[in-house]
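Spelled out, the chains give:
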Amino acid sequence: MRMRFQHSEAIWRDFPLLSAGAVVIQGKTSDRDVTRQSQRLLARADARLQGLSESELPEIQAWRRAFAQMGLKPTQYRCASEALLRRYRKDKALPHIHPLVDLCNAVSVAYAIPVAVFDLDRVDGNLEVRYANGAEVYLAFSGATEHPAPGEVVFADAASQAHARRWTNRQSALSAVGPDSVRALIVAEALHDAVADVAALLDELQSVLTVVRAEPERVARLSRDQPAITTS
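Keep in mind that this is a model prediction, so the values were computed, not measured.

Peer 1: Describe the sheet that holds strand 2 (residues 19-26), listing the residues and the values that go with them.
Peer 2: The strand order 3-10-2-11 describes an open sheet built from four strands, whose pairing is antiparallel. The sheet terminates laterally at strand 3 (115-119) and strand 11 (215-222), the two strands that pair on one side only. The mean angle between the axes of side-by-side strands here comes to 15°, regardless of whether they run parallel or antiparallel. With five bridges joining them, strand 3 and strand 10 (residues 183-190) adopt antiparallel strand pairing. The residue of strand 10 that forms the bridge with V115 is A188. Contacts between helix 5 (residues 99-111) and the sheet are confined to strand 2, strand 3 and strand 10, with strand 3 contributing the most and set at about 160° to the helix. Where helix 6 (residues 195-208) meets the sheet, its contacts fall on strand 2, strand 3, strand 10 and strand 11, and the angle it forms with strand 2 comes to roughly 15°.

Encoded structure:
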(Lines give C-alpha, C1' and ligand atoms only; values in the text may rest on other atoms or scores of the structure.)
Protein backbone atom coordinates (compact mmCIF):
# COMPACT_ATOMS: atom_id res chain seq x y z
CA MET A 1 0.00 0.00 0.00
CA ARG A 2 1.30 3.42 -0.95
CA MET A 3 2.09 5.65 2.03
CA ARG A 4 3.61 9.10 2.53
CA PHE A 5 5.59 10.25 5.57
CA GLN A 6 6.25 13.91 6.24
CA HIS A 7 6.51 16.70 8.81
CA SER A 8 3.79 19.31 8.72
CA GLU A 9 4.52 22.82 7.53
CA ALA A 10 3.90 24.07 11.08
CA ILE A 11 6.70 21.84 12.42
CA TRP A 12 9.16 23.10 9.80
CA ARG A 13 8.10 26.66 10.59
CA ASP A 14 8.49 26.35 14.36
CA PHE A 15 11.70 24.28 14.24
CA PRO A 16 13.65 25.69 11.30
CA LEU A 17 16.88 23.84 12.24
CA LEU A 18 15.18 20.46 11.83
CA SER A 19 17.11 17.98 9.71
CA ALA A 20 15.49 14.64 9.01
CA GLY A 21 15.97 11.48 7.02
CA ALA A 22 13.86 8.42 6.35
CA VAL A 23 14.38 4.90 5.06
CA VAL A 24 11.64 2.50 3.96
CA ILE A 25 12.71 -1.14 4.06
CA GLN A 26 11.31 -4.50 3.03
CA GLY A 27 12.18 -7.88 4.46
CA LYS A 28 11.79 -9.94 7.59
CA THR A 29 14.64 -9.16 9.98
CA SER A 30 13.76 -10.95 13.21
CA ASP A 31 16.32 -13.77 12.86
CA ARG A 32 19.49 -11.76 12.21
CA ASP A 33 22.52 -11.40 14.49
CA VAL A 34 23.55 -7.74 14.78
CA THR A 35 25.91 -8.07 17.76
CA ARG A 36 29.16 -7.21 15.96
CA GLN A 37 27.74 -4.19 14.15
CA SER A 38 26.00 -2.92 17.28
CA GLN A 39 29.18 -3.20 19.35
CA ARG A 40 31.11 -1.20 16.76
CA LEU A 41 28.51 1.57 16.96
CA LEU A 42 28.36 1.47 20.75
CA ALA A 43 32.13 1.97 20.83
CA ARG A 44 31.56 5.36 19.22
CA ALA A 45 29.19 6.27 22.00
CA ASP A 46 31.84 5.23 24.53
CA ALA A 47 34.33 7.58 22.89
CA ARG A 48 31.90 10.51 22.88
CA LEU A 49 30.93 9.99 26.52
CA GLN A 50 34.52 10.07 27.76
CA GLY A 51 34.51 12.84 30.37
CA LEU A 52 31.04 14.03 29.31
CA SER A 53 27.46 13.30 30.17
CA GLU A 54 24.95 12.83 27.37
CA SER A 55 23.27 16.12 28.33
CA GLU A 56 26.42 18.01 27.27
CA LEU A 57 26.35 16.74 23.68
CA PRO A 58 25.18 19.41 21.20
CA GLU A 59 22.70 16.99 19.61
CA ILE A 60 21.01 16.42 22.98
CA GLN A 61 21.15 20.06 24.01
CA ALA A 62 19.27 20.96 20.83
CA TRP A 63 16.49 18.50 21.65
CA ARG A 64 16.32 19.79 25.23
CA ARG A 65 15.76 23.29 23.87
CA ALA A 66 13.02 21.95 21.60
CA PHE A 67 11.32 20.15 24.46
CA ALA A 68 11.42 23.36 26.52
CA GLN A 69 9.92 25.19 23.53
CA MET A 70 7.11 22.60 23.52
CA GLY A 71 6.44 23.31 27.21
CA LEU A 72 8.04 20.09 28.47
CA LYS A 73 10.58 19.79 31.27
CA PRO A 74 13.71 18.42 29.52
CA THR A 75 14.79 16.43 32.58
CA GLN A 76 11.35 14.83 32.89
CA TYR A 77 10.79 14.10 29.20
CA ARG A 78 13.85 13.14 27.18
CA CYS A 79 14.26 12.53 23.48
CA ALA A 80 14.84 8.90 22.57
CA SER A 81 18.57 9.24 21.92
CA GLU A 82 19.17 10.92 25.28
CA ALA A 83 17.21 8.19 27.07
CA LEU A 84 19.23 5.50 25.28
CA LEU A 85 22.55 7.22 26.00
CA ARG A 86 21.60 7.69 29.64
CA ARG A 87 20.76 4.00 29.94
CA TYR A 88 23.90 2.95 28.09
CA ARG A 89 26.15 5.14 30.25
CA LYS A 90 24.71 3.55 33.41
CA ASP A 91 24.41 -0.09 32.26
CA LYS A 92 27.11 -0.28 29.54
CA ALA A 93 24.56 -2.16 27.46
CA LEU A 94 21.29 -1.64 25.65
CA PRO A 95 18.30 -3.98 25.91
CA HIS A 96 17.79 -6.53 23.13
CA ILE A 97 14.38 -5.92 21.55
CA HIS A 98 14.50 -6.98 17.89
CA PRO A 99 17.51 -7.08 15.53
CA LEU A 100 16.29 -4.13 13.45
CA VAL A 101 15.43 -2.07 16.53
CA ASP A 102 18.71 -3.02 18.24
CA LEU A 103 20.65 -1.89 15.18
CA CYS A 104 18.78 1.42 14.95
CA ASN A 105 19.25 2.02 18.68
CA ALA A 106 22.99 1.49 18.26
CA VAL A 107 23.04 3.98 15.37
CA SER A 108 21.07 6.40 17.54
CA VAL A 109 23.57 6.34 20.42
CA ALA A 110 26.54 6.53 18.04
CA TYR A 111 25.17 9.76 16.52
CA ALA A 112 23.17 10.99 19.58
CA ILE A 113 20.25 11.47 17.17
CA PRO A 114 16.78 9.96 17.73
CA VAL A 115 16.00 7.09 15.34
CA ALA A 116 12.47 5.68 15.31
CA VAL A 117 11.31 2.44 13.67
CA PHE A 118 7.68 1.81 12.70
CA ASP A 119 5.97 -1.30 11.35
CA LEU A 120 4.31 0.13 8.24
CA ASP A 121 1.65 -2.57 8.16
CA ARG A 122 0.35 -1.15 11.45
CA VAL A 123 0.12 2.41 10.13
CA ASP A 124 -3.20 3.46 8.59
CA GLY A 125 -2.57 5.60 5.52
CA ASN A 126 -0.14 8.51 5.59
CA LEU A 127 2.00 9.31 8.63
CA GLU A 128 2.75 12.89 9.64
CA VAL A 129 4.66 14.60 12.42
CA ARG A 130 2.27 17.36 13.44
CA TYR A 131 0.56 19.09 16.31
CA ALA A 132 -2.19 16.98 17.89
CA ASN A 133 -5.78 18.17 17.55
CA GLY A 134 -7.11 16.20 20.53
CA ALA A 135 -8.69 13.36 18.53
CA GLU A 136 -5.59 11.13 18.45
CA VAL A 137 -5.39 7.82 20.32
CA TYR A 138 -2.10 6.40 21.60
CA LEU A 139 -1.48 2.80 22.71
CA ALA A 140 1.15 2.56 25.45
CA PHE A 141 3.32 -0.54 25.92
CA SER A 142 1.47 -1.11 29.18
CA GLY A 143 -1.71 -1.61 27.15
CA ALA A 144 -3.21 1.66 28.34
CA THR A 145 -4.90 4.00 25.89
CA GLU A 146 -3.88 7.66 26.05
CA HIS A 147 -5.11 10.82 24.35
CA PRO A 148 -2.41 13.40 23.60
CA ALA A 149 -3.48 16.93 24.42
CA PRO A 150 -4.09 19.38 21.59
CA GLY A 151 -0.80 21.01 20.61
CA GLU A 152 1.42 18.06 21.54
CA VAL A 153 3.75 16.98 18.73
CA VAL A 154 2.81 13.47 17.58
CA PHE A 155 3.39 11.05 14.73
CA ALA A 156 -0.22 10.63 13.55
CA ASP A 157 -1.72 8.52 10.77
CA ALA A 158 -4.90 8.92 8.74
CA ALA A 159 -6.97 7.16 11.42
CA SER A 160 -5.76 9.59 14.12
CA GLN A 161 -3.61 6.91 15.72
CA ALA A 162 -0.62 8.48 17.46
CA HIS A 163 2.47 6.35 16.78
CA ALA A 164 4.73 8.52 18.95
CA ARG A 165 4.10 11.09 21.68
CA ARG A 166 5.99 14.26 22.54
CA TRP A 167 7.73 14.02 19.17
CA THR A 168 10.79 11.85 19.90
CA ASN A 169 9.97 10.95 23.50
CA ARG A 170 7.92 7.75 23.33
CA GLN A 171 6.74 5.43 20.56
CA SER A 172 3.48 3.49 20.50
CA ALA A 173 3.09 -0.24 21.01
CA LEU A 174 0.72 -0.27 18.04
CA SER A 175 3.41 0.03 15.36
CA ALA A 176 6.33 -1.52 17.25
CA VAL A 177 8.43 -3.81 15.07
CA GLY A 178 7.93 -7.47 15.97
CA PRO A 179 8.81 -11.00 14.80
CA ASP A 180 6.39 -10.88 11.87
CA SER A 181 7.19 -7.36 10.64
CA VAL A 182 8.20 -7.18 6.97
CA ARG A 183 7.86 -3.47 6.08
CA ALA A 184 9.34 -0.73 8.22
CA LEU A 185 9.88 3.01 8.20
CA ILE A 186 13.02 4.33 9.90
CA VAL A 187 13.07 8.05 10.78
CA ALA A 188 16.04 10.07 12.07
CA GLU A 189 15.57 13.65 13.28
CA ALA A 190 18.08 16.23 14.51
CA LEU A 191 17.81 19.86 15.57
CA HIS A 192 21.44 20.96 15.91
CA ASP A 193 21.86 22.37 12.38
CA ALA A 194 22.77 18.87 11.35
CA VAL A 195 22.29 18.33 7.63
CA ALA A 196 25.72 16.68 7.30
CA ASP A 197 25.21 14.51 10.39
CA VAL A 198 21.83 13.23 9.19
CA ALA A 199 23.32 12.50 5.76
CA ALA A 200 26.13 10.50 7.42
CA LEU A 201 23.62 8.67 9.61
CA LEU A 202 21.56 7.69 6.55
CA ASP A 203 24.69 6.37 4.84
CA GLU A 204 25.52 4.38 7.97
CA LEU A 205 22.00 2.98 8.14
CA GLN A 206 22.10 1.79 4.55
CA SER A 207 25.42 0.08 5.24
CA VAL A 208 24.36 -1.73 8.43
CA LEU A 209 20.96 -2.70 7.04
CA THR A 210 22.77 -5.16 4.79
CA VAL A 211 23.46 -7.15 7.95
CA VAL A 212 19.75 -7.80 8.51
CA ARG A 213 19.26 -8.28 4.75
CA ALA A 214 16.63 -5.57 4.66
CA GLU A 215 16.18 -4.07 1.23
CA PRO A 216 15.93 -0.25 1.27
CA GLU A 217 12.96 0.62 -0.89
CA ARG A 218 13.32 4.36 -0.45
CA VAL A 219 15.90 6.61 1.20
CA ALA A 220 15.37 10.36 1.54
CA ARG A 221 16.80 13.40 3.25
CA LEU A 222 13.84 15.51 4.26
CA SER A 223 13.68 19.30 4.29
CA ARG A 224 11.11 22.06 4.23
CA ASP A 225 11.40 22.14 0.44
CA GLN A 226 11.27 18.34 0.10
CA PRO A 227 9.37 17.24 3.21
CA ALA A 228 8.06 13.80 2.21
CA ILE A 229 9.06 10.24 1.44
CA THR A 230 6.59 7.97 -0.36
CA THR A 231 6.53 4.19 -0.53
CA SER A 232 5.89 2.39 -3.79
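On we go.
Peer 1: Can you explain the side chain of H98? Please cite residues and give values.
Peer 2: Inspection of the secondary structure puts H98 in the loop between helix 4 (80-91) and helix 5. Among the polar contacts made by the side chain of H98, one reaches the main-chain amide nitrogen of L100 at a distance of 3.1 Å. Ignoring anything within four residues of it in the chain, the contact list for H98 reads T29, S30, V177, G178 and P179.

Peer 1: Account for the pattern of salt bridges, with residues named and values stated.
Peer 2: Throughout the structure, instances matching the rule amount to 17 salt bridges. When salt bridges with common partners are traced through the structure, they connect E146, E152, R165 and R170 into a single cluster.

Peer 1: Now, about helix 5: what can you tell me, with residues and values included?
Peer 2: Counted at 1.5 Å a residue, the expected span for helix 5 with its 13 residues is 18 Å, and the 19 Å between its end C-alpha atoms agrees. Within helix 5, 13 of the 13 residues are buried, which leaves it mostly tucked inside the rest of the structure. Phi for A112, located one or two positions after helix 5, is positive at around 60°.

Reading the values: rules and limits
Residues numbered from 1 in each chain as written. Predicted model: local features only at pLDDT ≥ 70, side-chain atom pairs only at ≥ 80, totals over all residues. Heavy atoms only, no water. Pairing = 2+ DSSP bridges. Helix = DSSP H or I, 4+ residues; strand = E, 2+ residues; numbered from the N terminus. Axes fitted to C-alpha atoms, helices over the stretch in contact; angles between N-to-C directions. Contact = heavy atoms within 4.5 Å. Polar contact = N/O pair within 3.5 Å; in protein donor to acceptor, adjacent residues only side chain to side chain. Salt bridge = Lys/Arg side-chain N within 4 Å of Asp/Glu carboxyl O. Expected span 1.5 Å × (residues − 1). Buried < 20%, exposed > 50% of the residue type's maximum accessible area, 1.4 Å probe, protein only.

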